[in-house]
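# A closer look at the structure
Each chain is listed here by its residues.
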Amino acid sequence: MQPMPDTPTRLFEVACKGCGRSLVIVERLRDPGIGALVDHFRVCGASEPLGKAPMLGAIMTRVRVAVVDQA
Ligand SMILES: [Zn+2]
């Protein structure tokens, strides 16, 4: 399969800062990927608990985002 230069797909790997676990790989950082993150922080003992309706910013301070290189 040939990469299309005009439609680059960039993926982001989102990992939990607390426990270091890789949580999701997404194209864009928004729902529903964020929902998976919130679910993780509810059960992750290494992270501080989130509020009932966590802000995106509060979530992003708890994760590490890395660009996934696609060869
Ligand atoms: Zn975690």
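Throughout what follows, the structure given in this document is the object of discussion. Keep in mind it's a predicted model, so treat the numbers as computed, not measured.

## Topic: the side chain of R62
One can find R62 in the loop between α2 (56–60) and β3 (63–68). Separated by 2.7 Å, the side chain of R62 and the backbone oxygen of A58 make a polar contact.

## What about the sheet that holds strand β2 (residues 22–26)?
Pairing is antiparallel across the open sheet formed by three strands, whose spatial order is β2-β1-β3. Here the strands that pair on one side only, and so sit at the sheet edges, are β2 and β3. Sheet twist, expressed as the average angle between the axes of neighbouring strands with direction ignored, equals 25 degrees. Here strand β1 (residues 11–16) runs beside β2; their pairing, made up of four bridges, is antiparallel. For F12, the partnering residue across the bridge sits in β2 and is V26. Strands β1, β2 and β3 of the sheet are contacted by helix α1 (residues 33–43), whose axis makes an angle of about 175 degrees with β2.

## Overview of the nonpolar core
Core analysis: the biggest nonpolar cluster contains 13 residues, and V14, L37, F41 and I59 have the highest contact counts within it. Every element with two or more residues in this core is listed here: β1, β2 and α1. Among the elements that take part in this core, α1 stands out by supplying four residues, more than any other.

## Re the coordination of the zinc ion
Protein coordination of the zinc ion is provided by C16 (SG), C19 (SG), H40 (NE2) and C44 (SG), with donor distances spanning 2.0 to 2.3 Å. The coordination sphere of the zinc ion comprises four donor atoms, whose angles at the metal cover 106 to 115 degrees; the geometry is tetrahedral. Look at where the donors of the zinc ion fall in the sequence and you get C-x2-C-x20-H-x3-C. As far as burial versus exposure is concerned, H40 and C44 are alike and both buried.

The rules behind the values
- Residues numbered from 1 in each chain as written.
- Predicted model: local features only at pLDDT ≥ 70, side-chain atom pairs only at ≥ 80, totals over all residues.
- Heavy atoms only, no water.
- Helix = DSSP H or I, 4+ residues; strand = E, 2+ residues; numbered from the N terminus.
- Polar contact = N/O pair within 3.5 Å; in protein donor to acceptor, adjacent residues only side chain to side chain.
- Pairing = 2+ DSSP bridges.
- Axes fitted to C-alpha atoms, helices over the stretch in contact; angles between N-to-C directions.
- Contact = heavy atoms within 4.5 Å.
- Core = buried A, V, L, I, M, F, W, Y, C linked by side-chain atoms within 4.5 Å.
- Buried < 20%, exposed > 50% of the residue type's maximum accessible area, 1.4 Å probe, protein only.
- Donors = N, O, S within 2.8 Å, 3.2 Å for Na, K, Ca; no water.
- Tetrahedral: all angles 85-135°; square planar, octahedral: opposite > 155°, others 65-115°.

As far as function goes, none of this settles anything; it's purely spatial.
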